[in-house]
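Spelled out, the chains give:
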Amino acid sequence: MKNKTILVFDDDTNILDVFTIVLEASGYHVEISETSHNILERVKEVSPDMIIMDNWIPNIGGVKATQILKSEPAFRHIPVIYCSANNDVSSLAEQAGAEAYLAKPFDLDELENKVADLLRNV
């Protein structure tokens, strides 16, 4: 799992800090973005092994950003964990085309386990 890069899209800097601290402590390299309108450019720049996408990310939102990513043949293989405090996070993740979802507030062990499980297949 070492040397894997995770790109996190979230507009809440406190959440970005939590993701960064927890995932770096688990041995991952973490890159962050507070907006999603340039998702394709950020993915080209970072070359992540996984993406964590927030539902309410500006400017186009997590569903649309994930759909854009998954519509690109070069990037559709990148697993996405969809995050939201919305009660319907599983449906939103499915609509977006994400491989997994994480309800906010999330349990740190659940975060680590979902990331490890999805990265085993990468």
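Remember, predicted model here, so these are calculated numbers, not experimental data. (Residues numbered from 1 in each chain as written. Predicted model: local features only at pLDDT ≥ 70, side-chain atom pairs only at ≥ 80, totals over all residues. Heavy atoms only, no water.)

A short note on the pairing of strand 3 (residues 50–54)
Counting buried positions along strand 3 yields 5 of 5 residues, so the element is predominantly enclosed. What you see with strand 3 is no split at all: M50, I52 and D54 on one side and I51 and M53 on the other are buried throughout. Bridge count between strand 3 and strand 4 (residues 80–84): 4 bridges; the pairing is parallel. For I51, the partnering residue across the bridge sits in strand 4 and is V80. Tracing the backbone out of strand 3, into helix 3 (residues 62–70) and back to the parallel element strand 4 gives a crossover that is right-handed. (Buried < 20%, exposed > 50% of the residue type's maximum accessible area, 1.4 Å probe, protein only. Helix = DSSP H or I, 4+ residues; strand = E, 2+ residues; numbered from the N terminus. Pairing = 2+ DSSP bridges. Right-handed = clockwise from strand over helix to strand, strands pointing away.)

A word on the UniProt feature "modified residue: 4-aspartylphosphate" (unreviewed entry) in the protein
The UniProt entry lists D54 under the feature "modified residue: 4-aspartylphosphate" (unreviewed entry), expressed in the numbering used here. When you line up the elements, D54 lands in strand 3. Leaving out residues up to four positions away in the same chain, D54 has contacts with F9, D10, D11, G62, Y82, C83 and K104. (UniProt positions renumbered as here; feature names shortened; annotations may be inferred. Contact = heavy atoms within 4.5 Å.)

Examining the pattern of salt bridges
Evaluated as defined, the whole model comprises 7 salt bridges. The salt bridge partner of R42 is E31, with a shortest N-O separation of 4.0 Å. Residue R42 is found in helix 2 (residues 39–46), and its partner E31 is found in strand 2 (residues 29–33); the two are separated by 11 residues along the sequence. Given a relative accessible area of 11%, R42 falls into the buried group. With a shortest N-O distance of 2.7 Å, E99 and K70 are connected by a salt bridge. (Salt bridge = Lys/Arg side-chain N within 4 Å of Asp/Glu carboxyl O.)

Topic: the sheet that holds strand 3
A sheet is described by the order of its strands in space; here 5 strands give the open sequence 2-1-3-4-5, paired in parallel fashion. The open sheet is flanked by strand 2 and strand 5 (100–103), the only strands paired with a single partner. Direction aside, the axes of adjacent strands within the sheet are offset by 20° on average. Pairing analysis gives 5 bridges linking strand 1 (residues 5–9) to strand 2, with the strands arranged parallel. Looking at strand 2, one finds that I6 is bridged to V30. Seen against the sheet, helix 1 (residues 13–25) touches strand 1, strand 2, strand 3 and strand 4 and runs at an angle of roughly 170° to strand 2. Seen against the sheet, helix 4 (residues 89–96) touches strand 4 and strand 5 and runs at an angle of roughly 140° to strand 4. (Axes fitted to C-alpha atoms, helices over the stretch in contact; angles between N-to-C directions.)

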